[in-house]
Amino acid sequence: EAAFLPILTLLQEDPPQSVGVLYIGPTKALINDQFLRLNDLLVEAQIQVTHWHGDVPQSEKTRLLRQPRGVLQITPESMEGLLMNRKPELTRAFGDLRFVVIDEVHVFMNSDRGRQILCQLQRLRPYLAQEPRRIGLSATLGNYDDAEQWLRAGTERPVITPHPEGGEQRFRLAVEHFFVPQIDRAAEVLEPKDLRHQPIPGEKRVMSPFIQYIYENTRGRKALIFSNSKEEAESMLSSLRMAAKAQGAPDVYFMHHGSISAPLREAAEEAMRDPLLPAVVAATMTLELGIDIGRLERVLQLEAPYSVSSFLQRLGRSGRRGNPPEMILACAEEEPLGKELLPQQLPWSLLQAIAIIQLYLEEHWVEPQRLVRYPFSLLYHQTMSILASQGELTPADLAKRVLGLPPFRHVTQDDLRELLRHLLKIDHLQHTEEGGLIIGLAGEAVVRSFRFFAVFQDDDEFSVKEGTEEIGSIAYPPPPGERFGLAGRPWEVLEVDIKRKFVFVRGVEGKALTAWPGPYGIMHTRIKQRMRQVLLEEKEYDYLQPHARKRIAEARSLARHAGLEQRWVLHLGGTIFAIFPWMGTRSYRTLNHALRHLVGTELGIKGVEGQPSNYFLIKMEKGQAAGLCQALAARALEGIQPESLVGANEAPVMQKYDVYVPASLLRKAYAYDHLDVEEFSQLVSQWKEQR
């Protein structure tokens, strides 16, 4: 409303002759929510508002194109479809566009979706009478300079950033730690003592302390449980539902993530808005954004989030309407069996949670924007999209249109030429008799799919149905007779229709789990360095609860005895060594490649494995710890070329359309955008001091 009220005032005073405001939002759920709020606001003002995404009826979209007016709320994917398939109507639809509002800009800035938006705005510009004013909205920005630079990409307009003065923020935070049995990561019900024996007939089942803690802190409340993965959210909700049933309590539990059907997601949102009834919703990032969910009393976070930005977004879902934000972070760790190596004895998630909290409380630090030099997956996508909209272009005209888009300022003519030659070779492009370029037969199959509009990886999932009701979707359907979990409930498979991608199910009792593919979060080195500080300092944190306080004390004692303050490489016995790099995701990857390609042979390193961003376990001859540190520090001092870290036969596929990019370009993009040689070199230069 803060952004829209002045805009709508201007539209009412001087009505545009086309769509006047283009609002781009990151999710369909957020657009639906904003549509309802704006629609009610604008009925009396007689300003038309239209939402446009895959779940909106075609009749509403047709109405807008017949009489383009007012506000259009749209996702980047639907905007791509408009640019590709509605070229003749673009001038009439957007010719008098005055404003572009981009919501949750921090979500877009470091992603291909954000770079896709910048391409779309540039491609839309020829159809407009004037350059529209861009407005970015976010409640979670660390570096406003980065956001300003991103927002004005492709324009010469200055940026104004208001800096409202507010009082000191107050939070209610609690961090607690639990051990859970290794055979069940989120065991909802424990037999007495543990889960590793057969239940005795008539023996009473009791809740595990972990589940009981979550249950007691959400019971009778409006609560939102955030998880970093769909699997963990599903497991927790199923556990809570079973616990409530055992206690004779009502079922007030809902699921909200990208694989849940739209009606079930909307039911979760409505339950949260109901002021009279308690509701507990387990969610991933789908509820991280600004959907209105009423008077939320409490947020719980399972494990540590991957970023300070995500922590702030999730914390900020509570604490509105005069109350301070409130979050409980519950970190679970597998119960030790007594044979763990030192790196496996450290509470990584607990360290991460504390580091993220402290970075914000002490410095108000939030992750900065990350420069991506070679977004070749997006280059493929925009090349094909532009050709699909234009029909045919000469190579020179195509290069001018593509390389003129803001995200490709570091891409060279040679890079694009190499991509085009490859696409001709695999029949994604074809030459015409006149020397122009058109989309080839293989390319048509990709471009004409509705999945093409999205630049993020969208898995080809099976739709799950109970009768005629859609429950959601899963990537890997089990065979008939087996069970899986979805929407926090167990289901038994009745039939799998491979051709139509349907799974027909019936609800059953108990608990079952489902795995979804998905990448791990990208973590910044500042978080890893602060985790090291947490482990080595003596500071106490008021928000730690008893189990968490005890676990940190144990971890600090371990670190002191191991000498982790002066050592990065430890001998664990025999030929096994542990490396504690304290590096973010990109530098950690760089170290992995350095161990394999730079110093591995000379030091006899074998069997490199580890836990992403936390540690490596390697095999090498005894007494080589100092030699490894000195070798890496020496290489860093000499200067490392990013290309030298990527093998000639390596072509890592990291983004959706990388499968259509030649291997040489993939190696270049990986070396410069997914590794960080500069930061890695700065960090390992300190390692020469290892004793």
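1. Topic: the packing of helix α13 (residues 348–363) against helix α19 (residues 546–562)
- Close contact between α13 and α19 brings their axes to 11 Å; oriented N to C, the two are set at 105°. By the angle class used here, α13 and α19 are roughly perpendicular. Counting all contacts with α13, which are made through L350, L351 and I354, the residues of α19 involved are A548, R551 and I552.

2. Here's the deal with the sheet that holds strand β3 (residues 71–74)
- Read from one edge of the open sheet, five strands run β2-β3-β1-β4-β5, paired in parallel fashion. The two strands at the open ends of the sheet, each matched to only one other strand, are β2 (49–52) and β5 (133–136). Recorded for the sheet is a direction-independent mean angle of 15° between the axes of neighbouring strands.
- Here strand β1 (residues 21–24) runs beside β3; their pairing, made up of four bridges, is parallel. Looking at β3, one finds that I24 is bridged to I74.
- Running over the sheet, helix α3 (residues 58–66) touches β2 and β3 and is turned about 130° from β2.

3. A few points about the pairing of β3
- Side chains V71 and Q73 of β3 all project onto a buried face; the interleaved residues L72 and I74 project onto the opposite face, where all are buried too.
- Note: β2 against β3, four bridges, orientation parallel. By the bridge assignment for β3, T50 is matched with L72.
- As for the winding sense of the linkage, the β-α-β connection from β2 through α3 to β3 is right-handed.

4. Re the environment of I214
- Along the chain, I214 falls in helix α9 (residues 209–218).
- Judged by relative accessible area, I214 falls into the buried class, the value being 0%.
- Taking C-alpha positions, I214 is 9.2 Å from L302, a pair spaced 88 residues apart along the chain.
- Excluding residues within four positions of it along the chain, I214 makes contact with I225, M236, L240, L300, L302 and A330.

5. Some details on the packing of aromatic side chains
- Applying the stated criterion to the full structure yields 18 aromatic pairs.
- On the basis of an interplanar angle of 25° and a centroid distance of 6.5 Å, the ring pair of W348 and F580 is categorised as stacked. Taken as a pair, W348 in helix α13 and F580 in the loop between β22 (576–579) and α20 (585–597) lie far apart in primary sequence, 232 residues in all. Assigned by exposure class, W348 and F580 land together as buried.
- Consider the rings of Y380 and Y660, whose centres lie 5.0 Å apart with planes at 35°: the pair is tilted.

6. A closer look at the pattern of salt bridges
- Evaluation of the coordinates by the stated rule reveals 33 salt bridges.
- Where R86 meets E89, a salt bridge forms, and the shortest distance between an N and an O atom there is 3.4 Å.
- Given the relative accessible area of 24%, R86 is considered partly exposed.
- E89 sits in the partly exposed class, given a relative accessible area of 28%.
- Of the charged contacts in the structure, one is a salt bridge between E326 and R298, with a shortest N-O distance of 2.6 Å.

About the thresholds
Residues numbered from 1 in each chain as written. Predicted model: local features only at pLDDT ≥ 70, side-chain atom pairs only at ≥ 80, totals over all residues. Heavy atoms only, no water. Axes fitted to C-alpha atoms, helices over the stretch in contact; angles between N-to-C directions. Helix = DSSP H or I, 4+ residues; strand = E, 2+ residues; numbered from the N terminus. Parallel < 35°, antiparallel > 145°, perpendicular 65-115°, else oblique. Contact = heavy atoms within 4.5 Å. Pairing = 2+ DSSP bridges. Buried < 20%, exposed > 50% of the residue type's maximum accessible area, 1.4 Å probe, protein only. Right-handed = clockwise from strand over helix to strand, strands pointing away. Phe/Tyr/Trp six-rings, centres within 6.5 Å; stacked < 30°, edge-to-face > 60°. Salt bridge = Lys/Arg side-chain N within 4 Å of Asp/Glu carboxyl O.

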